[in-house]
Amino acid sequence: MTRIASHRGGTLEFGDSTRAGFIATARMDLEEVEFDLHPTRDGHIVVHHDPTLDRTTNRTGVIAEMSMSEVCAAIINDGGGHPLRLEQLCEIYTDSPVAFRCEIKAGADGRPYRDFVPAVVDRLAAYGRLSTTIFSSFVIETLVEIASACDRPSLWLVNPAIVEAQGIGAAITLARDHGVRELGINIDQSSHAIRDEIFGSGLAFGCWGAHSEAQIDKAFDLEAKVFTSDRPSLAIARRALWNASHKQVNP
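Cut-off values and rules
- Throughout this description, residue numbers start from 1 for each chain and increase along the sequence as written.
- Only residues with pLDDT of 70 or above have their local features reported here, since the model is predicted, and side-chain atom pairs are shown and tallied only from 80 upward, although totals for entire chains, interfaces and linings are computed over all residues.
- Excluding hydrogens and water, the side-chain figures rest on all heavy atoms present in the structure.
- Only the contacting stretch of a helix is used when fitting its axis, a line to C-alpha atoms as for every element, and angles between N-to-C directions run 0 to 180 degrees.
- Under the DSSP-based scheme used, a helix requires at least four consecutive residues in state H or I and a strand at least two consecutive residues in state E, with every element numbered from the N terminus.
- Working rule for angles: under 35 degrees goes down as roughly parallel, over 145 as roughly antiparallel, 65 to 115 as roughly perpendicular, anything else as oblique.
- Each crossing gets its hand from how the near helix is turned against the far one by less than a right angle, where anticlockwise is left-handed and clockwise is right-handed.
- In what follows, residue pairs with any heavy atoms lying within 4.5 Å of each other are defined as contacts.
- Nonpolar residues are Ala, Val, Leu, Ile, Met, Phe, Trp, Tyr, Cys and Pro. Charged residues are Asp, Glu, Lys and Arg, and all others, Gly as well, are polar.
- Type-normalised accessible area, obtained with a 1.4 Å probe on protein chains alone, sets the label of each residue: buried when under 20%, exposed when over 50%, and partly exposed for intermediate values.
- When DSSP finds two or more bridges between two strands, those strands count as paired.
- By definition, the crossover connecting two strands over a helix is right-handed if that path, from the first strand to the second, turns clockwise as seen with the strands pointing away from the viewer.
- Salt bridge, as used here, is a side-chain nitrogen of Lys or Arg placed within 4 Å of a carboxyl oxygen of Asp or Glu.
- Pairing of aromatic rings covers Phe, Tyr and Trp, the last through its six-membered ring, and needs centres within 6.5 Å; plane angles under 30 degrees mean stacked, over 60 mean edge-to-face, and all others mean tilted.
- In the analysis that follows, any N or O atom pair within 3.5 Å is treated as a polar contact, provided that within protein one partner can donate a hydrogen and the other can accept it, and provided that, for residues neighboring in sequence, both atoms belong to side chains.

With that settled, the discussion passes to the packing of helix α5 (residues 116–126) against helix α6 (residues 140–149). Contact geometry for α5 and α6: axes closest at 9 Å, N-to-C directions at 45°. Our classification of the angle between α5 and α6 gives oblique. Every pair of crossing elements has a handedness; the one defined by α5 and α6 is right-handed. Two secondary-structure elements touch here, α5 through Val117, Pro118 and Val121 and α6 through Thr142, Glu145, Ile146 and Ala149. Of the residues belonging to the contact of α5 with α6, the class tally is five nonpolar, one polar and one charged.

Direction vectors running N to C along helix α8 (residues 168–177) and helix α9 (residues 192–200) enclose 30°, while the axes themselves pass 10 Å from each other. Regarding the angle of α8 to α9, the classification is roughly parallel. Crossing of α8 against α9: the hand is right-handed. Of the residues in α9, those in contact with Ile168, Gly169 and Ile172 of α8 are Ile194, Glu197 and Ile198. When the residues that make up the contact of α8 with α9 are grouped by side-chain class, the tally is four nonpolar, one polar and one charged.

In this section: the pairing of strand β7 (residues 154–157). The two faces of β7 match: Ser154 and Trp156 on one face and Leu155 and Leu157 on the other face are all buried. The sheet contact formed by strand β6 (residues 133–137) and β7 spans three bridges and is parallel. Bridge pairing in β7 links Ser136 to Leu155. Following the chain from β6 across α6 to the adjacent parallel β7, one finds a crossover that is right-handed. With two bridges joining them, β7 and strand β8 (residues 182–186) adopt parallel strand pairing.

Okay, the environment of Arg111 next. Within the element layout of this structure, Arg111 appears in the loop between β5 (99–104) and α5. Sequence-wise, Arg111 and Arg41 are 70 residues apart; in three dimensions their C-alpha atoms are separated by 16 Å.

Overall, the coordinates contain 17 salt bridges when judged by the stated rule. The partner of Asp16 in a salt bridge is Arg8, with the nearest N and O atoms 2.6 Å apart. One salt bridge connects Arg238 with Glu213, and the closest N-O pair in it is separated by 3.8 Å. Of this pair, Arg238 sits in helix α11 (residues 232–249) while Glu213 is found in helix α10 (residues 213–221), placing the two residues 25 residues apart along the sequence. Among the charged side chains, a salt-bridge network with shared partners connects Arg8, Asp16, Asp50 and Arg55.

What follows concerns the packing of aromatic side chains. Scanning the entire structure with this criterion turns up seven aromatic pairs. With a centroid separation of 5.4 Å and an interplanar angle of 85°, the aromatic rings of Phe138 and Trp208 are classed as edge-to-face. On the criterion of sequence distance, the pair formed by Phe138 in the loop between β6 and α6 and Trp208 in strand β9 (residues 204–208) is long-range, its members being 70 residues apart. Note on Phe138: relative accessible area 33%, which makes it partly exposed. Here the aromatic cluster, defined as three or more aromatic residues joined through ring pairs, consists of Phe35, Tyr93 and Phe100.

Here we come to the environment of Thr132. Residue placement: Thr132 occurs in the loop between α5 and β6. We classify Thr132 as partly exposed; its relative accessible area is 33%. Linking Thr132 and Phe205, residues 73 residues apart in sequence, is a C-alpha distance of 20 Å. Setting aside chain neighbours within four positions, we find Thr132 in contact with Ala99, Phe100 and Arg152.

With that out of the way, let us pick up unusual backbone geometry. Non-glycine residue Arg8 carries a positive phi angle of around 55°. Relative to the helices and strands, Arg8 resides in the loop between β1 (3–7) and α1 (11–14). A positive phi angle, close to 60°, is found at Asp115, a residue other than glycine. Looking at where Asp115 falls in the secondary structure, it is placed in the loop between β5 and α5.

So, on to the side chain of Glu32. Mapped onto the elements, Glu32 comes out in strand β2 (residues 32–39). A distance of 2.7 Å separates the side chain of Glu32 from the side chain of Arg3, its partner in a polar contact. Not counting residues within four places of it along the chain, the set of residues in contact with Glu32 comprises Arg3, Ile4, Ala5, Ser6, Thr25, Val98, Ala99, Arg101, Ile134 and Val226.

Printed below as a string of structure tokens:
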């Protein structure tokens, strides 16, 4: 079964990385909740997509240069509420079967945060969530660091520019050279040919960015291992229809 991951807690339904979205996702009939992490100046870990507050909140500033209290004073646009600490997210999912899909982000300069991966692993372990966490990153060096810090699975989110310029074969080679076992490809760039080449190399294939009905249906048609969606409720509904139609074809 293709797994569904609620991207940032369902951005198009509840706002970007909001408490309301994460609470709603915890109760949904899906498999994963996707979220992004950044460190604060004083050693806390914030659940937020961008390295700055500028685009999605009513405040500005680089998260890694701010204290947690400064970050938490921001109000998220559209969905409301304040950015969450990782501990608060763990508490929301205490009794939820939904697994974590944790993307460890790079800083505002595009470079990985120093010593951030071990801090994230330790915090997740302390809250009993490490065993149900799958990691992801666009930065392959970060995936190598994750593999050194824990034995949890991780996947490489492949920048479309790499596939466009070098081809999927180059991405596969790079992944295998670094011990990465799963690739996440942008849904609009994904195809049966790309899927088959990834499968043929012995790697797992997933998608990201499936937000419209057509994109979601495409992810199911490609039989992706998992895909992320800003519209998790729509993804759940489309999976039910897809499953029903295929049961009729293959009784």
